[in-house]
Amino acid sequence: QDRITQIDSRTPLPNLVDSFKRKHDYLRISLTERCNLRCFYCMPNEGVQLSPAEHILTDDEIMRLATLFVRSGVTKIRLTGGEPTIRKGLGALIKKLDSLRSLGLTSIAMTSNGLALHRRLPELIESGLDHLNLSLDTLDPFKFQIMTRRPGHDAVLKSLDVALSSRGLQSVKLNVVVVKGLNDSEVLDFVELTRHSDLCVRFIEFMPFSGKILFSSKVVPSEELLALIKEQHPAIEQVRTAPSDTARLWKVPGHRGGIGFISSMSDHFCFSCNRLRITADGKIKVCLFDAKEISLRDEMRRGADDGKLLEIVRSAVWGKKEKHAGMDNIDTVTNRPMILIGGRQLRNVERPTPHLGSATAALRLSHSFATRLASNCVQRQLSTRSATDEPQLTHIDATGQPSMVDVSSKEATQRSATALGHIYIPKIAYNLILGIDSQPARHLPPPHERAWAKSSSKGPVLTVAQLAAIMGCKRTPELIPLCHPLPLSNISVTLTPEATPQDEQMLPSDHQLPFRIRCTATVTCEGKTGVEMEALMAVSIGLLTVWDMLKAIAGKDMIIGNIMVSHKSGGKSSSFVREEGK
């Protein structure tokens, strides 16, 4: 009986064919709902409710389903997420899947964001992984952090570098979602990456999912991208592909790699679709854009045999629609967000990007991809962090547009902030402020005497600067667009002349500025948001006014610096005191 069972388990089953005679031989399996990035398009603004751990398919359940699908004609399995590299035991699972090649499986692929992949990739290839898709929508590391709400651009490039140098991979593809006004100016730069590397860059049309408003104006049709590329590369040639391939492939003569276009919105490929999906919690989805799901996990845990499971799968496949809805009718309300489906990790933020032009055109991938690309990009880091110390920008909405933070639900509380800063000045300016040597004609040459007289005629330097600081503080929301107007209850500004400490000399010893004016501003209010910006504005305006008052005699020498928030209290976020110089 055991021998019969063993033979039956290896016997091919009828193929999975729908009512439109489409054969399904490609299975995408989501291994986890979790991800180590927080991409705008993929993760809804309000977050997602993750399934309890016990609801996620076990390795044994994945293998059982994979075996049934392979026996039913599936030849390609792709592992997705979330981010699949987060799942524990990934290498062991791939090795188990590799054993299905004797049943007809020919390809084990994975789609990853690459963040934690470069060290693990050799092990995964050794286990049986032979195709890799990496997701990277921008060559700008600063924009990467805005789109993903995480650092890690360099890590993705390292993964790409390792992948391109790995002989065990049959293909390496780079998925790039193009969003109008965001990264469409980088298209030619991505094409240039294929010149010296066996890399396929695939441009994907921006797609809508649950919890995200569909901005059709942000979709860049593939035909527009192709026309743009043809202007730069008029000899580009189309490559023949299988009818079921999602991407239309093109190749620039002389380039090692190629490019592709996945036109899910403007020119769908439903007529040849051969893909099925299993979500991390064990539900089968026959179409990415169809909200209907059937739980195979529940059936397995209720004791269903393989025959029952196949009956459910075949029924779901037979009910697959001829094509998904048009762009304006896709179900973005009841369908899962992308992170809970398993697929391309799309990112959506609207922010201009610098065109890399000739710098990227000179890029050579034959050596270190990561090192070279990093040298062609401006390295900038986010400073805004959430309470969990994760980089986030609170003044950008889900579409990448500037947005004022909604504080309507907050309670008004007593809030306070103190900022300080310095302007470093030469001795002649210090003497003028203190009224020392009020008759300088005996000591200064005529040009300096005239400058002294001009600066003196403006009035008391520190008094004017103090008034300017208070006025500037009150006008903060007029100058900083997304600041809330607040009912300030008190503004205290002091400007104090003092000697510059030796460890803060701003210039080499022969050009030291021995004195400085210290500006301190404390702002209080009873409101729904903090007053750090108002305090910083007061200090900045106060110091700029000092510079303006003294520029006639010291404009070439003065330096403004060390502006910071030194104290904050009130609100939900932690209060703090920052010692000067730290």
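Residues numbered from 1 in each chain as written. Predicted model: local features only at pLDDT ≥ 70, side-chain atom pairs only at ≥ 80, totals over all residues. Heavy atoms only, no water.

1. Quick word on the overall build of the chain
Here's step 1: Each helix and strand in the chain was counted, giving 17 helices and 17 strands.
Here's step 2: In the chain, 76% of the contacts between residues at least 6 apart in sequence involve partners at least 24 apart.
Here's step 3: Carbon together with sulfur atoms contributes 53% to the accessible area of the chain, which is approximately 26800 Å² in total. (Helix = DSSP H or I, 4+ residues; strand = E, 2+ residues; numbered from the N terminus. Contact = heavy atoms within 4.5 Å. Areas by Shrake-Rupley, 256 points an atom, 1.4 Å probe, with all protein chains shown as cover.)

2. Some details on unusual backbone geometry
Here's step 1: The linkage connecting Gly 81 with the following residue, Gly 82, adopts the cis geometry, with an omega of 5°.
Here's step 2: The backbone of Arg 149 sits at a positive phi, close to 60°, despite the residue not being glycine.
Here's step 3: Its place among the elements puts Arg 149 in the loop between helix H5 (141-148) and helix H6 (153-164).

3. Let's talk about helix H2 (residues 59-71)
Here's step 1: A rise of 1.5 Å per residue sets the reference length of H2, with its 13 residues, at 18 Å; its end C-alpha atoms lie 18 Å apart and thus fit the reference within 8%.
Here's step 2: For H2, the set of buried residues is Glu 61, Ile 62, Met 63, Leu 65, Ala 66, Leu 68, Phe 69, Val 70 and Arg 71.
Here's step 3: The first or second residue beyond H2 is Gly 73, which carries a positive phi of 105°. (Expected span 1.5 Å × (residues − 1). Buried < 20%, exposed > 50% of the residue type's maximum accessible area, 1.4 Å probe, protein only.)

4. Points about the pairing of strand S4 (residues 131-135)
For a regular strand, side chains alternate in direction, first toward one face of the sheet and then toward the other.
Here's step 1: The element S4 is extensively covered by neighbouring structure, given that five of its five residues are classed as buried.
Here's step 2: Across four bridges, strand S3 (residues 107-112) lies against S4 in parallel orientation. Bridging from a neighbouring strand, Met 110 pairs with Leu 132 of S4.
Here's step 3: Once the chain exits S3 it traverses helix H4 (residues 121-127) before rejoining the sheet at S4, and the crossover so formed is right-handed.
Here's step 4: As defined by bridge partners, S4 adjoins strand S5 (residues 171-178) across five bridges and the pair is classed as parallel. The residue bridging Leu 132 from the neighbouring strand is Val 172, located in S5. (Pairing = 2+ DSSP bridges. Right-handed = clockwise from strand over helix to strand, strands pointing away.)

5. As for the packing of aromatic side chains
Here's step 1: Tallied over the full model, the rule gives three aromatic pairs.
Here's step 2: Here the aromatic rings of Phe 203 and Phe 261 are separated by 5.9 Å at their centres, their planes lie at 35°, and the arrangement is tilted. You can see Phe 203 sitting in strand S6 (residues 200-205) and its partner Phe 261 sitting in strand S9 (residues 258-262), a full 58 residues away along the chain.
Here's step 3: Taking relative accessible area as the criterion, Phe 261 reaches 0% and is therefore assigned buried.
Here's step 4: Between Tyr 430 and Phe 515 the ring centres are 3.9 Å apart and the planes differ by 10°, which places this aromatic pair in the stacked class. Of this pair, Tyr 430 sits in helix H13 (residues 427-434) while Phe 515 is found in strand S15 (residues 515-527), placing the two residues 85 residues apart along the sequence.
Here's step 5: Note on Tyr 430: relative accessible area 15%, which makes it buried. (Phe/Tyr/Trp six-rings, centres within 6.5 Å; stacked < 30°, edge-to-face > 60°.)

6. Side note on the packing of H2 against helix H3 (residues 90-98)
Here's step 1: Between H2 and H3, whose axes approach to 11 Å, the crossing angle comes to 25°. Relative to H3, the element H2 is oriented roughly parallel. Handedness of the crossing formed by H2 with H3: right-handed. Contact with H2, carried on its side by Asp 59, Asp 60, Ile 62, Met 63 and Ala 66, involves Leu 93, Lys 96 and Leu 97 of H3 and no other residues of that element.
Here's step 2: Looking at the contact of H2 with H3, its residues break down into five nonpolar, no polar and three charged. (Axes fitted to C-alpha atoms, helices over the stretch in contact; angles between N-to-C directions. Parallel < 35°, antiparallel > 145°, perpendicular 65-115°, else oblique. Left-handed = near helix turned anticlockwise from the far one by under 90°. Nonpolar A, V, L, I, M, F, W, Y, C, P; charged D, E, K, R; others polar.)

7. A closer look at the sheet that holds S15
Here's step 1: Strands sit in the order S14-S15-S13-S16-S17 across an open sheet of five strands; the sheet is antiparallel. Single-partner strands in this sheet number two, and they are strand S14 (488-499) and strand S17 (576-577).
Here's step 2: Where strand S16 (residues 559-569) lies against S17, two bridges are found, and the strand directions are antiparallel. Bridge pairing in S17 places His 567 opposite Val 577.
Here's step 3: Strands in contact with helix H17 (residues 532-554) are strand S13 (413-425), S14, S15 and S16; relative to S13, the strand with the most contacts, it is inclined by about 25°.

8. Re the environment of Ala 235
Here's step 1: Along the chain, the position of Ala 235 falls in the loop between helix H8 (222-232) and strand S7 (237-239).
Here's step 2: On the accessibility criterion, Ala 235 (48% relative accessible area) is partly exposed.
Here's step 3: The sequence separation of Ala 235 and Pro 253 amounts to 18 residues, and the corresponding C-alpha distance is 6.8 Å.

9. What about the sheet that holds S4?
Here's step 1: Read across the sheet, twelve strands follow the order S7-S8-S9-S6-S5-S4-S3-S2-S1-S10-S11-S12 without closing on themselves; strand pairing throughout is mixed. Two strands in the sheet have a free side with no partner beyond their single neighbour: S7 and strand S12 (294-295).
Here's step 2: Relative to strand S8 (residues 248-251), S7 runs antiparallel, the two sharing three bridges. Bridge pairing in S8 links Gln 238 to Trp 250.

10. Some remarks on the confidence of the model for the chain
Detailed reading of predicted coordinates is not advised where the pLDDT is low.
Here's step 1: Across the chain, pLDDT averages 81, with 75% of residues at or above 70.
Here's step 2: In this model, residues 209-214 is a region of pLDDT below 50 whose contacts with residues beyond four sequence positions or in other chains number 25 contacts.
Here's step 3: Segment residues 326-335 is flagged for pLDDT under 50; beyond a separation of four residues in sequence, or across chains, it makes 25 contacts in the model. (pLDDT = per-residue confidence, 0-100.)

11. Side note on the environment of Asn 490
Here's step 1: Examined against the element boundaries, Asn 490 turns out to sit in strand S14.
Here's step 2: Along the primary structure Asn 490 and Cys 525 are separated by 35 residues, whereas in three dimensions their C-alpha atoms are 6.9 Å apart.
Here's step 3: Non-local contacts of Asn 490, meaning those with residues more than four positions away in its chain, are made with Thr 522, Val 523 and Thr 524.

12. A word on the nonpolar core
Here's step 1: Judged by nonpolar contacts, the single largest core of 88 residues is most densely connected at Phe 69, Ile 77, Leu 79, Leu 97, Leu 174, Phe 203 and Ile 259.
Here's step 2: Those residues in contact with Phe 69 that sit more than four places away from it in its chain are Leu 16, Leu 27, Val 74, Leu 276, Ile 278, Ile 284, Leu 296 and Val 313.
Here's step 3: One finds Ile 423, Val 523, Val 531 and Val 539 within the second-largest nonpolar core, a separate group that totals 34 residues. (Core = buried A, V, L, I, M, F, W, Y, C linked by side-chain atoms within 4.5 Å.)

13. Points about the pattern of salt bridges
Here's step 1: Scanning all chains against the criterion turns up 16 salt bridges.
Here's step 2: With a shortest N-O distance of 2.6 Å, Asp 18 and Arg 22 are connected by a salt bridge.
Here's step 3: With relative accessibility at 1%, the residue Asp 18 sits in the buried group.
Here's step 4: Across the pair Asp 298 and Arg 297 runs a salt bridge, and its minimum N-O distance is 2.8 Å.
Here's step 5: Look at the salt bridges and you will find they share partners, linking Asp 98, Arg 101 and Asp 130 into a network. (Salt bridge = Lys/Arg side-chain N within 4 Å of Asp/Glu carboxyl O.)

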